[in-house]
Amino acid sequence: RDPKPGDTVVLFISAHGSLRADPKGHGQLYNLDGTGRNPSYVENTIVPYDWYLGRDDIFSRDFRHIFTQAADRNIHLTAIFDACHSGSLARGPLNPSLVPRDFDFDPRPMPPDPYPAEATATPPESRADNPVLVLSAAQKEQLAIDVQDAVPPHGLFTNALIETLEALPSNRPSADIFKRLLVTMEVAPGATHQQPELDTSVARRQEPLFGGMAGSGPPTAAI
């Protein structure tokens, strides 16, 4: 509720993801209307639980603002997202029990950026001092898959992450956690078109996922 400098905060979001056209965006262009003639930049979004009541999406720039504030206060932040990073372009799974966690492309106009200065600043994951670590369930253009007939139902990414964290010591570097997670997801049924992503600095990758100092030990390999 009120973290202090030096505290570790873990943000875990399991939700639907969507896209919003952003004429002022940059990066990869997407074929949102299906014709191939009107490619558009997009903003990735998280769909809130009260979206059906008219609440707007939570945009990646909103998270960027929160992450920057935390990093400026010297709060050690790990953010984990089990949600789609895109909607209509990724190929769906063949198994009907595997359901993508995406909403259709949102046609509403993009509201103005309330933090324009941050758009050109160093991203919080790339800071030299106190970078944020963001672990995502899928690439920007991919769907995140939900296993509906599991007991209980769960995201493929979350299930693989739990398996990974139970298999490795808690003080392993984040880079080792991510390598094991990649392999675990590659062999998961239905995850053919879903690869996780780790965004942070080189130095932060050598720290444990949830903070502290990495433990020493023999080299490990994900087989």
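Residues numbered from 1 in each chain as written. Predicted model: local features only at pLDDT ≥ 70, side-chain atom pairs only at ≥ 80, totals over all residues. Heavy atoms only, no water.

### Topic: the overall build of the protein
Okay, step 1: Tallying secondary structure elements over the protein gives five helices and 10 strands in all.
Okay, step 2: The buried share among the 223 residues of the protein stands at 44%.
Okay, step 3: Across the protein, contacts joining residues at least 24 apart in sequence account for 74% of those joining residues at least 6 apart.
Okay, step 4: Looking at the protein as shown, the accessible area adds up to about 12,300 Å², and 57% of this sits on carbon and sulfur atoms. (Helix = DSSP H or I, 4+ residues; strand = E, 2+ residues; numbered from the N terminus. Buried < 20%, exposed > 50% of the residue type's maximum accessible area, 1.4 Å probe, protein only. Contact = heavy atoms within 4.5 Å. Areas by Shrake-Rupley, 256 points an atom, 1.4 Å probe, with all protein chains shown as cover.)

### What about the confidence of the model for the protein?
Okay, step 1: Residues of the protein with pLDDT of at least 70 account for 83%, and the chain-wide mean is 82.
Okay, step 2: Here residues 86-96 is modelled with pLDDT under 50, and outside its nearest four sequence neighbours on either side it reaches 23 contacts, counting other chains as well. (pLDDT = per-residue confidence, 0-100.)

### Examining helix H4 (residues 174-186)
Okay, step 1: Over its 13 residues, H4 runs 18 Å from end to end, which matches the ideal 18 Å to within 8%, given 1.5 Å per residue.
Okay, step 2: Among the residues of H4, Ser174, Ala175, Asp176, Ile177, Phe178, Leu181, Thr184 and Met185 are the ones counted as buried.
Okay, step 3: Turning to H4, the residues buried within the fold contact strand E7 (133-136), helix H3 (156-167), strand E10 (197-199) and helix H5 (202-205). (Expected span 1.5 Å × (residues − 1).)

### Regarding the sheet that holds E10
Strand pairing in a sheet is mediated by backbone hydrogen bonds. Such pairs are either parallel or antiparallel.
Okay, step 1: Strand order in the open sheet made by the four strands is E1-E5-E7-E10, with mixed pairing throughout. Only two strands of the sheet have a single partner each, and these edge strands are strand E1 (8-14) and E10. Going from strand to strand, the sheet's axes swing by 10° on average, the running direction of each strand aside.
Okay, step 2: Of the strand pairs in this sheet, strand E5 (residues 76-82) and E7 are connected by four bridges, and their pairing is parallel. Bridged to Phe81 within E7 is Ser136.
Okay, step 3: Contacting E1, E5 and E7, helix H1 (residues 60-72) crosses the sheet at an angle of about 160° to E5.
Okay, step 4: On the sheet, H3 packs against E1, E5 and E7 and is oriented at approximately 130° with respect to E5. (Pairing = 2+ DSSP bridges. Axes fitted to C-alpha atoms, helices over the stretch in contact; angles between N-to-C directions.)

### Considering the side chain of Glu125
Okay, step 1: For Glu125, the location among the structural elements is in the loop between helix H2 (116-119) and E7.
Okay, step 2: For the buried residue Glu125, which engages in no salt bridge, the nearest side chain bearing the opposite charge is Arg64, 8.1 Å off.
Okay, step 3: Residues contacting Glu125, with those up to four places away along its chain left out, are Pro131, Val132, Val134, Asp199, Thr200 and Ser201. (Lys, Arg positive; Asp, Glu negative; His and termini not counted. Salt bridge = Lys/Arg side-chain N within 4 Å of Asp/Glu carboxyl O.)

### Overview of the packing of H3 against H4
Okay, step 1: For the pair H3 and H4, the least separation of the axes is 9 Å and the interaxial angle reads 130°. Judged on the interaxial angle alone, H4 and H3 are oblique. The way H3 lies across H4 gives a crossing that is right-handed. On H4, the residues that touch Phe157, Ala160, Leu161, Glu163, Thr164, Leu165 and Ala167 of H3 are Ile177, Arg180, Leu181, Thr184 and Met185.
Okay, step 2: Partitioned by chemical class, the residues of the contact of H3 with H4 number eight nonpolar, two polar and two charged. (Parallel < 35°, antiparallel > 145°, perpendicular 65-115°, else oblique. Left-handed = near helix turned anticlockwise from the far one by under 90°. Nonpolar A, V, L, I, M, F, W, Y, C, P; charged D, E, K, R; others polar.)

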